[in-house]
Amino acid sequence: MPPDRWFAVGTGDASADDAGRRAADAALLHDDAKLLIVFCSPAGNLRDLIGQVRSRSGGVPLIGCSTAGEITTDGPRDGSVVVTALGGDGFVIGTAAAAGASGDLRGAGARAARCLPSPASHPHRVLLLLTDGLASDQDEIIRGAYSVLGAGVPMVGGCAGDGLKMRKTFQFHGGRVLTGSVVAAGIASTGPLGIGVQHGWRAIGEPMLVTRSSTNWVDSLDDRPALDVFLERLGADSGQFRPEDLPALALLHPLGISRHSGEEQVRFITAADFTRRSLFSTAQVPQGSLVCLMEADTSAVLAATTVACYASVAALGGSIPLGMLAFDCVARRGVLGQEGIEKEIHGLADAAGGAPLAGFYSYGEIARTHGLRGLHNYTLVLLSVA
Amino acid sequence: MPALTWFPQQLVAFLEAVWSARTEPAAGLMAVERAAEALDAEIAAIVCPDRVVAVVGYPEGAVPVRELIVIAADGAHHELTVPGAGPCQAATVSLDYPPGAMFVLARAGPDGGLRHDEASLLRGMARVTSMAMRTQRLLDDERAGREESDRQATENARLLTELTQRQARLTELAGEQAALRRVATLVAAQAAADRIFAAVAEEAGRILQADMGAVAKFGPEGCFTVLALWANPGLDFPFPVGEQVRLEEGSLSARVLRSGRPSRLDTYVAATGRLAAIRDRLGLRSMIGAPIMVGGRVWGLVTVGVLSSRPEALPAGSEQRLADFTELLATAVSNAQAHSELTASRARIVVTADETRRRIERNLHDGIQQRLVTLALTLRAVRDAGQQDHADLLAAMSQAGDELVSILDELREISRGVHPAILSQGGLGPALRSLARRASVPTVLDIEEFGRLPQPLEVAAYYVVSEALTNAAKHANATVVHVNIGVKDTTLRLGIDDDGDGGADPARGSGIIGLIDRVDALGGKLTLRSPPGEGTSLVIELPLDPGYSS
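A. Quick peek at the overall build of chain B. Assigned secondary structure in chain B consists of 13 helices and 16 strands. When burial is assessed residue by residue, chain B has 35% of its 550 residues classed as buried. Of the contacts made within chain B by residues no fewer than 6 positions apart, 61% connect residues no fewer than 24 positions apart.

See the structure below:
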């Protein structure tokens, strides 16, 4: 007799002909799977890969997205496919896709949120969101979902990646491969679900006022061109600086938006307009905000990992995790380096206590447990499933 | 971060966001969302004494409106329970706008209550919210007013267009009504069929603003006759009116005849017949025709056309307008035609009868009179022969007797209704005087001088007087009859009055019906006045041009 709830992960090399089939077979431990979650490299034939998974899972609801690297218990990977299965009668699942979301992110968030089932017998609930990491204002997705769910249901998830090419990300729903969409799985469980969130970045220097911004573009800081202020603060010569050097520098120095609690909300700078001297962030930096430049080091980031793990597992209230989902900012990979991220993943696996781990390196992380804010950057978000 | 820097920064960000809203409800929603985000609150709401203006934090469709209104009205700090989020500490701040509204904010957790600086920030946000919503309300009203004004302007323009169209249609209808009235007046006045057809052709052409209009009648063996034609003044339009024309395949007339429905011919049809040649010469661009239905049969058609010099063909809907017009006219047209045919038929009867009489007259003169002369000569020869053989005499007498019987037979055969020679030779005046002399009732004649009249008129007048005198003597016991006759303008007027019993009734089979027929046949009018005891008065008016050709 299969367990009331089970959690299993299968992986494969995405370049192999039968990667989807093999990963699915490994994840489908029992024949009562309720949800498949697929994270995979954007390279290769995604339609064929999803088709392979579906050829094994049949009509089991499926969501997923492309990544900037995949995470499993064995460590960080690139070019792989990770299939997670949640099964057993302890789970009740609904899924949704809001395609063409970029024109109405709030509406897409609301539509996605309406998939959450609410059986009285399954009191523990979470909305898992996977969004287009290149969409302009991801906060609107959270607001839309919050308008439907209210404060009672937490949200977790990540913004899909494309291996840092910053061109196009993909979302999966059922057998469909989508772009510019929001896909969601509403998970209701008889067992507890625990969320942990932490980034480990710290502010450096004096705060700056965002004197001009529009959605994701930051045009001026303290009434001066934002790019020039950014480069000067980091000691770079703004006249000599080469555009191709920006991603590496910006990756390690996000903007932190001041919060009353003292913990900054981190904003990832992904590009700049060298003519307009503006900075581009994956999430909104409101005009009128106070922002700081931020930095981190390996130990601080790893310390954050530990905090997130502890919080996530502790939220289970003593229950043993069946598995863990991780949404880890791609920038943390850059800071930690190969050795650092391996160390981080091992830390996660230890925290999971031998339970399987699946996740991906993302362009933004979603975790809403308290208040309305739910979008993060440079952050590790963990969902422990008991 | 120190509250000193945090506070204005949050307020500025809040202000930027809320002022970017485009409507009052959007500003309200933006305010509650941004306040919840800034203060990490689970619940934020703007609550009026009777409604919740904006709220976040509750599941869709599960807002506890009553609870929020109670908390807002109380103003004190309360604990709110949010399903799934546990107990929340609620704080309230009053808003200047909307009237009576409160800003309610609730945060979960044991330290959910707002710190002093956070409460200050909430008050600041409340001020900003009030200002933004009030401004948006004014803008909304102004926008709604402008939209209403635009809508009214659009509606006015639409009404004006509709009115103009209706007026144009009314003018059209009035034109059509007037045209119908003109034709109907002609029909009622029993105008000649030719005049009615001409009127129909012209009215149809004018109503549809065409260059030509025509009325045609279909004949036997695939022919039709154009009965009337109208063309725009100044247009030379030589169409064979009155001539029988052969129907050609594909022509408008043929299509109307075959379908019994209105039809249109907008493009030139390559045909080689006479009609095509005429149409080609005239350069007709567009024609429509509608059938004249008489007795369920296509009797004829009314057609209108425009020349190819016009920029546009006859407009859509012209067929129906012509059909409506034609349908209304069909009855009148067929009546007029029937009347015309009846009149012609009667005229023919009269002419035939009169001709018969003239033939009898010739027969009497050429036949019987000659035979009598011959017989007289024969008898004179017998007398002059003197001492003849008795047997020869008897034979001669017997032969003369046989001849007399034969003449008598012939005479009896043709003696009915003979033109008096005096009428054909001397005219109406002398004939009436002769009639008056022979009448058994004293008759007073009053005859104006007017010369000779057309023969049918003289014959009719003569027999009318003759019949009236007979009636006066036979039925009315009259002691005197007055007859006056004269010509005025184009009418022969005849009055016959007697002092008899009166009470003459055409329905009771007096000879008056015969008089009415005869007068009718000549397109004339007979008026009878015969109250009992007051004598009988007849007035007959006969047109000098009876409107038919023999």
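B. Region of the structure containing the overall build of chain A. Tallying secondary structure elements over chain A gives eight helices and 26 strands in all. By the burial criterion, 62% of the 386 residues in chain A qualify as buried.

C. Spotlight on the pairing of strand β5 (residues 102-108) of chain B. All names here are of chain B. Among the seven residues in β5, seven count as buried, and that is most of the element. Side chains of β5 alternate between two faces, with M102, V104, A106 and A108 and F103, L105 and R107 buried alike. Direction of pairing for strand β4 (residues 86-94) relative to β5: antiparallel, over a ladder of seven bridges. Along β5, the bridge assignment pairs Q89 with R107.

D. Region of the structure containing the interface of chain B and chain A. Contact with chain B, which involves 26 residues of that partner, is made by 23 residues of chain A. Among the elements of the structure, α1 (3-19) and α2 (24-38) of chain B are those that each provide at least two residues to the side of chain B that touches chain A. In terms of residues, the side of chain B that touches chain A owes the most to one element, α1(B), which gives seven residues. Considered class by class, the residues forming the side of chain B that touches chain A number 15 nonpolar, four polar and seven charged.

E. Inspection of the environment of A:A352 at higher detail. Residue and element names in this part refer to chain A. Of note, A352 is situated in the loop between α8 (330-351) and β23 (357-362). Accessibility expressed as a C-beta count within 10 Å gives 24 for A352, which makes it buried. With 32 residues separating them in the primary sequence, A352 and S384 have C-alpha atoms 7.8 Å apart.

F. Expanded view of the sheet that holds β23(A). Residues and elements named next belong to chain A. On the basis of which strands lie adjacent, the open sheet formed by six strands has the order β5-β4-β23-β22-β26-β13 and mixed pairing. Two strands bound the open sheet, and with one partner strand each, they are β5 (75-77) and β13 (193-198). The sheet shows a mean angle of 15° between the axes of neighbouring strands, taken without regard to direction. Sheet topology note: the strand β22 (residues 323-329)/strand β26 (residues 380-385) ladder contains six bridges and is antiparallel. Looking across to β26, one finds that A326 is bridged to L382.

G. Spotlight on the nonpolar core. Membership of the largest hydrophobic core comes to 193 residues, with the highest contact counts inside it found for A:A184, B:A35 and B:L105. If one sorts the elements of this core by residue count, α8(A) sits on top with nine residues. For B:A35, the residues in contact, after removing those within four places along its chain, are B:F14, B:A41, B:A44, B:L105, B:L122 and B:M125. Formed by 44 residues, the second largest nonpolar core is a distinct cluster that contains B:V245, B:L247, B:L252 and B:L265.

H. Up close: unusual backbone geometry. Residues and elements named next belong to chain B. The amide bond that connects Y97 to the next residue, P98, takes the cis arrangement and shows omega of -5°. With a phi angle near 50°, D40 is a residue other than glycine that sits in the positive phi range. Of note, D40 is situated in the loop between α2 and β1 (43-47). Overall, D40 belongs to the partly exposed group, with 18 C-beta atoms counted inside 10 Å.

I. Structural context of the pairing of strand β3 (residues 62-66) of chain A. Residue and element names in this part refer to chain A. For β3, a buried count of five out of five residues is recorded, marking the element as mostly surrounded by other parts of the structure. Side chains L62, G64 and S66 of β3 all project onto a buried face; the interleaved residues I63 and C65 project onto the opposite face, where all are buried too. Relative to β3, strand β2 (residues 33-40) runs parallel, the two being bridged by five bridges. The partner of C40 across the bridge, within β3, is S66. In this fold, β2 hands off to helix α2 (residues 46-57), which returns the chain to β3; that crossover is right-handed. When β3 meets strand β10 (residues 170-173), the two strands line up antiparallel, connected through three bridges. In the strand pairing of β10, G64 is matched with F172.

J. Just the packing of helix α12 (residues 455-474) of chain B against helix α13 (residues 512-521) of chain B, in detail. Residues and elements named next belong to chain B. Their axes nearest at 10 Å, the elements α12 and α13 cross at an angle of 165°. When the interaxial angle is binned, α12 and α13 end up roughly antiparallel. Crossing handedness for the pair α12 and α13: left-handed. Across the interface between the two elements, A460, Y463, V464 and E467 of α12 pack against G514, L515, R518 and V519 of α13.

K. Here's a closer look at the sheet that holds strand β8 (residues 124-132) of chain A. Residues and elements named next belong to chain A. Strand order in the open sheet made by the six strands is β7-β12-β8-β9-β24-β25, with mixed pairing throughout. Each edge of the open sheet is held by one strand with a lone partner, namely β7 (91-98) and β25 (375-376). Note that β8 and strand β9 (residues 155-160) share six bridges and pair parallel. Counterpart to T131 in the pairing with β9 is C159. Sitting on the sheet, helix α4 (residues 138-149) is in contact with β8, β9, β12 (182-189), β24 (365-368) and β25, with an inclination near 150° to β8.

L. How the structure looks around the packing of helix α11 (residues 428-438) of chain B against α12(B). Residue and element names in this part refer to chain B. Orientation of α11 relative to α12, taken along the N-to-C sense of each, is 15°, at an axis distance of 10 Å. With respect to their mutual orientation, α11 and α12 come out roughly parallel. The handedness of the crossing between α11 and α12 comes out as right-handed. Where α11 abuts α12, its residues L428, A431, L432 and L435 lie against E458, A461, Y462, V465, S466 and L469.

M. Inspection of the environment of A:G364 at higher detail. Residues and elements named next belong to chain A. Structurally, G364 can be placed in the loop between β23 and β24. Sequence separation between G364 and F268 is 96 residues, and the spatial gap between their C-alpha atoms is 8.3 Å. Non-local contacts of G364, meaning those with residues more than four positions away in its chain, are made with G133, Q138, G158, C159, T282, A283, L375, H376 and N377.

N. Broad picture of α2(A). All names here are of chain A. For α2, built from 12 residues, the straight-helix expectation of 16 Å at 1.5 Å per residue is met to within 8% by its first-to-last C-alpha distance of 16 Å. Looking only at α2, the buried set comprises L46, L49, I50, Q52, V53, R56 and S57. Looking down the long axis of α2, one finds its buried residues gathered within 150° of arc, a one-sided arrangement. Across from the buried face of α2, at angles greater than 90 degrees, the exposed residues are D48 and S55.

O. Looking closely at the environment of B:G57. The topology assignment puts B:G57 in the loop between β2 (52-56) and α3 (65-74). For B:G57, a count of 30 C-beta atoms within 10 Å corresponds to the buried category. When the C-alpha atoms of B:G57 and B:A36 are compared, they prove to be 8.7 Å apart, with 21 residues separating the residues in sequence. What B:G57 contacts, discounting residues up to four positions off in sequence, is A:G150, A:A151, B:A36, B:E42, B:I43, B:A44 and B:V82.

Cut-offs used in this document
Residues numbered from 1 in each chain as written. Chains lettered and ligands numbered in written order. Predicted model: local features only at pLDDT ≥ 70, side-chain atom pairs only at ≥ 80, totals over all residues. Helix = DSSP H or I, 4+ residues; strand = E, 2+ residues; numbered from the N terminus. Buried ≥ 20, exposed ≤ 12 C-beta atoms within 10 Å, placed from the backbone. Contact = placed C-beta atoms within 7 Å. Pairing = 2+ DSSP bridges. Nonpolar A, V, L, I, M, F, W, Y, C, P; charged D, E, K, R; others polar. Axes fitted to C-alpha atoms, helices over the stretch in contact; angles between N-to-C directions. Core = buried A, V, L, I, M, F, W, Y, C linked by C-beta atoms within 7 Å. Right-handed = clockwise from strand over helix to strand, strands pointing away. Parallel < 35°, antiparallel > 145°, perpendicular 65-115°, else oblique. Left-handed = near helix turned anticlockwise from the far one by under 90°. Expected span 1.5 Å × (residues − 1). Arc of directions from axis to C-beta.

That is the geometry; function is a separate question.
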